[in-house]
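# Reading the structure
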Amino acid sequence: MARISLTNDLFGDFEVGDGRLMGVYGPSLPKGAGLDDEALRERIRNPIGTPPLQEISKGAEKVLIVTDDNTRHTPLHRVIPIVLEELAEAGISDSSVRILIGLGTHRAMRDEEIRRKFGDDLVARFEILNHEWKNPTKLTSLGKSKLGFEVLMNREILKAGLLISVGSIIPHATAGFSGGAKSVMPGICGEATIEATHWTALDYEMSEILGNFENKVREAFVHIARRAGLRFIVNTIMMDEERIYDAVAGGAESAHEAGCRRCLKLYGASVPARAEVVVAEAHPSDIDLRQSIKAVCAADVVCRDGGVIILAAECREGISPQFPHFERYGFKDPDTLYRKVETGEFREKLLAYTLVAIGRIISKRVNGILVSPHIGHEEAERMGFGWAESIEAAINAALETRGPDSKVIVLRQAGQIMPVISNGNTRGEGR
């Protein structure tokens, strides 16, 4: 028997029978403390694709720094002070700088969460604003995107002579990778724009976007972010909640591309073949089920047709606090929901996007089993998942349905990694 543990020790150890386990895959995390502040400062002072920040910020009367939120592990308390040092060298005072949290559609960060992520010094020195994506009075139109929809963005960009974004890079199912222009577009956009952005991603296979820098959605993000005035990014690649593996700074496309290549050295996972059963750990993106199902996207790449994806997710905030109707519709009938959106019968497009994207996987191609201490059997079934009280129980149930020759793959931190089938067959035969 192979004994396995996940990153989140909440789930404990579990066993997979002899000959069943194909492998355990996850980030290739090196040992050590990671990038220190001096190395981080060196990355910021030597940007990729742009002049130094001190040079491009000279003469800017107002600077807007857009950040990610507490669903990412970017150590803003370390990164932003170095950015501010560079701005100060260019003559930019604290009073000229505003900080905006690019929530997308995530819930607003609470005061204690802001203090923990930004640090006491930044909280004392600056007004740190949560983006209000549902408030039309806080938005302005930037016209049409390359994908055809109107772009509504936070009005703070109109006051900024210089727009900077700070975030982190991991593989992402909607944009290819997080970070880069995504912090701004759709990070500080209005509800309709965020909905349209995600809905457009349904036109592409998961393998065409997840972990793929060259995709049409990301290209549209860059186009709009430049129109908004984004001139400088700082993106970290994190090993965990504290350690920085690497960082890039500079242009929204050139620096981001370099960062994505470096990200795949850490978060790319070569898997020899697909398996009938895939255990997908959602940690650390498992605050609720809507965040956790990112892990299903990676599992989809390596699960055979008719197989079983076991989602191990803490979901301490339940299914989706900011989308109370999420549970009502679930993942059971994605085709009907898609048609309702297209005909205008169902107008919550962002809600529908996630339900359709994941529904196409767990209701049409594979079966899903949820293991979560905060979501019960009845809730899971309403969402379209089976349910098990432990990972081992879920594996045993899956193997009963898949037969004696079934193989098991375990993906640690599946919401952050990019599995690649080593024979290069990402679609088609073997699915």
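Located above this text is the structure these notes cover.
Just so we're clear, the structure is a prediction, and the values are computed from it rather than from any experiment. (Residues numbered from 1 in each chain as written. Predicted model: local features only at pLDDT ≥ 70, side-chain atom pairs only at ≥ 80, totals over all residues. Heavy atoms only, no water.)

### Looking at the pattern of salt bridges
The line we're drawing: In what follows, salt bridge is the name for a side-chain nitrogen of Lys or Arg lying within 4 Å of a carboxyl oxygen of Asp or Glu. Runs of H or I in DSSP of at least four residues are treated as helices and runs of E of at least two as strands, each being numbered from the N terminus. For every residue, the accessible area (1.4 Å probe, protein chains only) is compared with the maximum for its type, and the residue is labelled buried under 20%, exposed over 50%, or partly exposed between those bounds.
By the definition in use, this model includes 31 salt bridges. Two residues, Glu 257 and Arg 261, come together in a salt bridge whose shortest N-O distance is 3.9 Å. Pair noted here: Glu 257 and Arg 261 are both in helix H9 (residues 254-267), with a separation of 4 residues, about one helical turn. Among the residues examined, Arg 261 registers a relative accessible area of 52% and is labelled exposed. Its salt-bridge partner being Asp 286, residue Arg 316 comes within 3.9 Å of it at the nearest N-O pair. You can see Arg 316 sitting in the loop between strand S16 (303-312) and helix H12 (326-329) and its partner Asp 286 sitting in the loop between strand S15 (275-281) and helix H10 (289-292), a full 30 residues away along the chain. For Asp 286, a relative accessible area of 2% corresponds to the buried category. Through salt bridges that share partners, Glu 42, Arg 43, Asp 246 and Arg 262 make up one connected network.

### Describing the sheet that holds strand S9 (residues 162-168)
What counts is decided by this rule: Two strands qualify as a pair provided that DSSP identifies no fewer than 2 bridges between them. Only the stretch in contact is used when fitting a helix axis, every axis being a line fitted to C-alpha atoms; angles between N-to-C directions are given from 0 to 180 degrees. We call two residues contacting when some pair of their heavy atoms lies within 4.5 Å.
Strand order across the open sheet formed by 6 strands is S6-S5-S4-S9-S12-S13, with mixed pairing between neighbours. Every other strand in the sheet has two partners, leaving strand S6 (128-130) and strand S13 (244-250) as the edge strands with one partner each. With strand direction ignored, the average angle separating the axes of adjacent strands in the sheet is 20°. Strand direction decides the pairing type here: S9 and strand S12 (residues 230-238), joined by 6 bridges, are parallel. By the bridge assignment, Gly 167 is partnered in S12 with Asn 235. Each of strand S4 (63-67), strand S5 (97-101), S9, S12 and S13 is contacted by helix H3 (residues 76-89), which is oriented at about 160° to S4, the strand it contacts most. Across the sheet, H9 lies against S12 and S13, angled at about 170° from S13, the strand it touches most.

### Structural notes on the sheet that holds S16
Pairing is parallel in the open sheet, where 6 strands are placed in the order S3-S19-S15-S16-S17-S18. Taken across any chain shown, the strands that pair with only one partner, and hence form the sheet edges, are strand S3 (21-25) and strand S18 (386-387). Pairing of S15 with strand S19 (residues 408-411), which is carried by 4 bridges, proceeds in the parallel orientation. Counterpart to Val 278 in the pairing with S19 is Ile 409. Lying on the sheet, helix H11 (residues 294-302) is in contact with S15, S16 and S19; it crosses S16 at an angle near 150°. Packing of helix H16 (residues 391-402) onto the sheet brings it into contact with S15, S16, strand S17 (367-371) and S19, and relative to S16 it is tilted by some 165°.

### Quick word on the side chain of Gln 413
The criterion, for reference: Think of a polar contact as two N or O atoms within 3.5 Å of one another; within protein, one of them needs to be a possible hydrogen donor and the other a possible acceptor, and neighboring residues in sequence only count if both atoms come from side chains.
Among the secondary structure elements, Gln 413 is positioned in the loop between S19 and strand S20 (418-421). Only 3.3 Å separates the side chain of Gln 413 from the side chain of Thr 7, close enough to count as a polar contact. In contact with Gln 413, other than residues within four places in its own chain, are Thr 7, Pro 27, Leu 29, Tyr 267, Glu 281, His 283 and Pro 284.

Just distances and angles here, no functional claims.
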